[in-house]
Amino acid sequence: MNKKFTTDSGIEIQPTYLPYKNEIGQAGQFPFLRGVHTEMYRSRLWTMRQYAGFSTAEESNQRYHYLLSQGVSGLSVAFDLPTQIGYDSDHPLAEGEVGKVGVAIDSLEDMETLFKGIRLQEVSTSMTINSTAFILLALYVALAKKQGADLKKISGTVQNDILKEYAARGTYIYPPKPSMKIITDIFEYCHRDIPKWNTISISGYHIREAGSTAVQEVAFTLANGKAYCQAAIQKGLDINSFGQRLSFFFNAHNNFFEEIAKFRAARRMWAKITQELGATETKAQMLRFHTQTGGSTLTAQQPLNNISRVTLQALAAVLGGTQSLHTNGFDEALSLPTQEAAKVALRTQQIIGYESGVTDAVDPMGGSYFIETLTDQVEEKAWKYITRIDEMGGSVAAIEAGYMQQEIARSSYEFQEAVERQEKVIVGVNKFTEKEENKIPILRIDDSIRKVQSEKLQAIRNSRDNEKVKANLLTIRQTAVDNRNVMPSVIEAVEGFATLGEISDVLRGVYGEYKG
């Protein structure tokens, strides 16, 4: 009996492929199958980012300066869980989590410390934050103003993708409808005041980390992107304008050719989606994306093997045409990355970019019988999911019905079953195992961080103008009640040292909390 070969999404792989006869076009031209820029990496390499943030703003600032000195061309900030879900570090629910999976940011003082010695006008910053994205963006803008930066020139991205939180990750605060309203407030504000800022990074990364297939990652991410566009259009915004500041965030896993096909298919699909929504400007039809290598693919067993995994994944992202890339540290199945692991991860990107030669040709995999056929197959299967979601009333309705969550859970379960049966080999885990004693040094975050942050918060509350803070918080509340754009009032509040938790609580009082 012949063995059946499939991709991780269940697409059957033939032993050989006949010549591909469909037109694939050129890079830089609709529907951008081969890339969004005519010259791609021949004219400029992707932005090399390293996702970093841990403990206090002081410690994270030291890591940022180190990464910049090593050739990073953009910063990518990780925030701790209390910051992500709108609690100050001294809140009872923050206990045990302060500074653990990212940096703790409570106020403008923390933001000033985080970027001490770094001119915001001269660096591109990506912030992985969702339910409190509007507050972190306000803090960033407030700091840029203090530095005397030209707001028209600051650049970066705020993740700001709440739909995938309901579907896959869980760091939400408010119900879907008010959350979508805040997101479109950011669209509107950025278009007017910080036009170079990417207003949302629509994330498939966390959908994939939760256990989806590559096809589901594309389908659910693009469906969510479509929902954001529709919400913005309903608010009266022009897709030809806000559409140019949308970006995407994808995962890269180990199934090398499927990952390349996934990225190429996503570009072509998004071009068609935006065109159907009324986009006529070329830049509003382009899918620009950041990629991070797959955290869930890393193993605690034989962790040095993760360097090979990350290299494969990074190469797939580059051959798929990513605009920005983060490579994981080999130790991330054990802890936050150490400085040494972060350096190896960065050097992996640099070796691909400067030594491999894969950047010399535009879309070097384009025209491959296998890649082009696989790209078509990924797209076909993804459209079926999107059609189903549209029939349900769109992403918000599909999430509220539990459809995306159930599909992701099913795929995750099936993958784990395949691993248990050894149908899916994980080197060092279910095959080629060995008894080992872990000698990899790991980064440990001290629980005393919460005490440090709490003391800083108390000092801020004692020194600020609390009457002004109270008035600013009342203004935010009234702005939300009146259904006006909250961004200007939030910026004014953080400039007066209102804290992230205080602002989040005001809006909890207006919008309520989503219970899932």
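Participant: How should the environment of I186 be read in this particular structure?
Facilitator: Along the chain, I186 turns up in helix α6 (residues 176-193). For I186, a relative accessible area of 0% gives the class buried. Between the C-alpha atom of I186 and that of T359, which follows or precedes it by 173 residues, the distance is 35 Å. When near neighbours in sequence (up to four residues on either side) are disregarded, I186 contacts A133, F134, L137, N160, T199 and M487.

Participant: Explain the nonpolar core to me, please; I cannot follow it from the model alone.
Facilitator: In a soluble, globular protein the nonpolar side chains are often hidden away together inside. Counting residues in each nonpolar core, the largest one holds 68 residues, and the members touching the most others are F187, F220, L222 and Y228. The element contributing the most residues to this core is helix α8 (residues 214-234), with 11 residues. Not counting the four nearest positions on each side in its chain, F220 is found in contact with I207, Y385, I389, Y403, M404, E407 and I408. Ranked by size, the runner-up nonpolar core spans 56 residues in total, among them L114, I118, I129 and L139.

Participant: Looking at this model, I keep getting lost on helix α1 (residues 57-69). Mind explaining?
Facilitator: Along an α-helix, residues three or four apart share an orientation, since each turn contains 3.6 residues. Taking 1.5 Å per residue as the helical rise, α1 with its 13 residues ought to reach 18 Å, and the 18 Å between its terminal C-alpha atoms agrees with that figure. Within the sequence span of α1, burial applies to A57, S60, N61, R63, Y64, Y66 and L67. G71 lies just past α1 and shows a positive phi near 110°.

Participant: Would you take a moment to explain the state of the cysteines for this structure?
Facilitator: Here, disulfide denotes a covalent bond that connects the sulfur atoms of two cysteines. What the rule picks out here adds up to zero disulfides. Of all cysteine sulfurs, the one in C229 lies closest to C190, which takes part in no disulfide; the gap is 15 Å. Judged by its relative accessible area of 1%, C190 falls in the buried class.

Participant: Whenever I open this one, empty space enclosed by the protein confuses me. Can you help?
Facilitator: Rolled over the atoms, a probe with the dimensions of a water molecule shows which regions are left empty. Evaluation of the coordinates by the stated rule reveals five cavities of 30 Å³ or more. Roughly 80 Å³ of internal volume is contained in the largest cavity. What lines the largest cavity is a set of 13 residues, among which Y41, V318, L319, D363 and P364 lie closest to the centre. Residues belonging to the lining of the largest cavity are distributed by class as follows: eight nonpolar, two polar and three charged. Quantified by volume, the second largest cavity comes out at close to 70 Å³. Along its surface, the second largest cavity is lined by N130, S131, F134, N160, I162, Y174, S179, I182, I183 and I186. Examining the composition of the lining of the second largest cavity, we find that four residues originate from one element, α6, more than from any other.

About the thresholds
Residues numbered from 1 in each chain as written. Predicted model: local features only at pLDDT ≥ 70, side-chain atom pairs only at ≥ 80, totals over all residues. Heavy atoms only, no water. Helix = DSSP H or I, 4+ residues; strand = E, 2+ residues; numbered from the N terminus. Buried < 20%, exposed > 50% of the residue type's maximum accessible area, 1.4 Å probe, protein only. Contact = heavy atoms within 4.5 Å. Core = buried A, V, L, I, M, F, W, Y, C linked by side-chain atoms within 4.5 Å. Expected span 1.5 Å × (residues − 1). Disulfide = S-S within 2.5 Å. 1 Å grid on protein atoms, 1.4 Å probe; cavity = no way out; pocket = protein on both sides within 12 Å on 5 of 7 lines; lining within 4 Å. Points joined across faces, edges and corners; volume = space filled by probe spheres on them. Nonpolar A, V, L, I, M, F, W, Y, C, P; charged D, E, K, R; others polar.

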